[in-house]
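Working through the structure, step by step
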Amino acid sequence: MTGSFRSLFLYDLCEEIRLDELRQVLRSPSPGREPQFRHPAPEYVRFERPPVVEILDPVVLQAGERLRCTVSYYDYGVVSVEFELPFDFDWDQLAASSSKWMATPELEKKSAEVLRNCRNRMSFAMIKPYDYQATEDYYLIQIHPLALSAAELITAHGSAIAQLVRGETTPLSDDETTEVLQARLSYYPNDLLVAGWSAAFIYDTAEGSAFTIQLLAYANSQLLEFRHYDHVLTVLLSQVHDAVSAGTGFLGRWRLAREAERLNTIQLDVRELTERVDNSIKFLSDMFSARAYRLAANRIGVPDYRNLVDQKLDTAGELYEVMMDRFQQGRAFLLELMVVIILIIELVFLFRGRQ
């Protein structure tokens, strides 16, 4: 068998990357029909703002392997470093080599070095860099088609494929193999995608698999974004809870107004950013692409983190209402107190005048 190992290391660096300026500096060609398609469709999958793709010099590992290196820059602040290593193995060699590839810490180290160099060159295009840097990694095993259909491949080598997707060195149980292979999809009889939470198996040509790899990279970039927003909201809600607990006194209620405005501002910012991530790719009349994306997104946990973000946004909205209610109560009490004081003063002057 021939094919390639791929590893994706994704980093969430900032709120936004100005792709037009970055494209000019990197001299990257203007985006055309992105991504490329292997099957006709009246409409197609379209990035609202296609990522800027940069092909770098090969990266050499200590063992001597030369890895093809590609960096993709997404407009919502994510940078993806992709390494590719071609192989020519039989099934037994493939399982051992795949597990070793996925567990090699040197890859992460090399990706960090690539990112550091890229960040120095792209710093001018970054808007609101983050202090906290979320990361995500994903692995792909792509095999060029053999003299087998996808169904025949599953029948003959299903257990080996499940083992590859899990990154295990020993075969899995029948139940676990069945569970892994449930997340599979084919368009033609001789192509196959099996998606897992940390890796995917692709049975297709290099040209045909390019689009699937783009979808998997995009799904992981979404996961990374929602993980970042989940972290931001977790920290924010913790601070707000402390402010609400401390804001029970008279003066504390007035400080709540300032905290409530900050909470509302961040809440609106996160909603705007999540909507931008949700709408960054469109599936227009290409239902197979939409199904492939949903399959990958469900396996890696995008909907789970999306739901967590939505729940915390709802909690932030409820806390905002509580904080504003307390502030309004404090202001109403102050106004009533001022009215009472004015009445007392008027009564004092009234009785003094009668004397």
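See the structure printed just above.
Residues numbered from 1 in each chain as written. Predicted model: local features only at pLDDT ≥ 70, side-chain atom pairs only at ≥ 80, totals over all residues. Heavy atoms only, no water.

Section: the packing of aromatic side chains
Tallied over the entire structure, the rule returns 10 aromatic pairs. Arranged with centres 4.8 Å apart and planes meeting at 85°, the rings of Tyr 187 and Tyr 188 form a pair that is edge-to-face. Residue classification places Tyr 187 among the partly exposed residues on the basis of a relative accessible area of 34%. Grouped by ring-pair contacts, the aromatic residues Phe 5, Phe 87, Phe 89 and Trp 101 constitute a single cluster. (Phe/Tyr/Trp six-rings, centres within 6.5 Å; stacked < 30°, edge-to-face > 60°. Buried < 20%, exposed > 50% of the residue type's maximum accessible area, 1.4 Å probe, protein only.)

A closer look at the pairing of strand β8 (residues 192-195)
Along β8, one buried face is formed by Leu 192 and Val 194 and the opposite face, lined by Leu 193 and Ala 195, is buried too. Strand direction decides the pairing type here: strand β7 (residues 184-185) and β8, joined by 2 bridges, are antiparallel. Across the sheet, Arg 184 pairs through a bridge with Val 194, a residue of β8. The loop that links β7 with its antiparallel partner β8 comprises 6 residues. Connecting the antiparallel pair β8 and strand β9 (residues 199-203) is a turn made up of 3 residues. (Helix = DSSP H or I, 4+ residues; strand = E, 2+ residues; numbered from the N terminus. Pairing = 2+ DSSP bridges.)

As for unusual backbone geometry
Here the phi dihedral of Lys 128 falls at roughly 55°; this positive angle occurs in a residue that is not glycine. If you trace the backbone, Lys 128 turns up in strand β6 (residues 126-143).

Function cannot be inferred from these measures alone, as they are strictly geometric.
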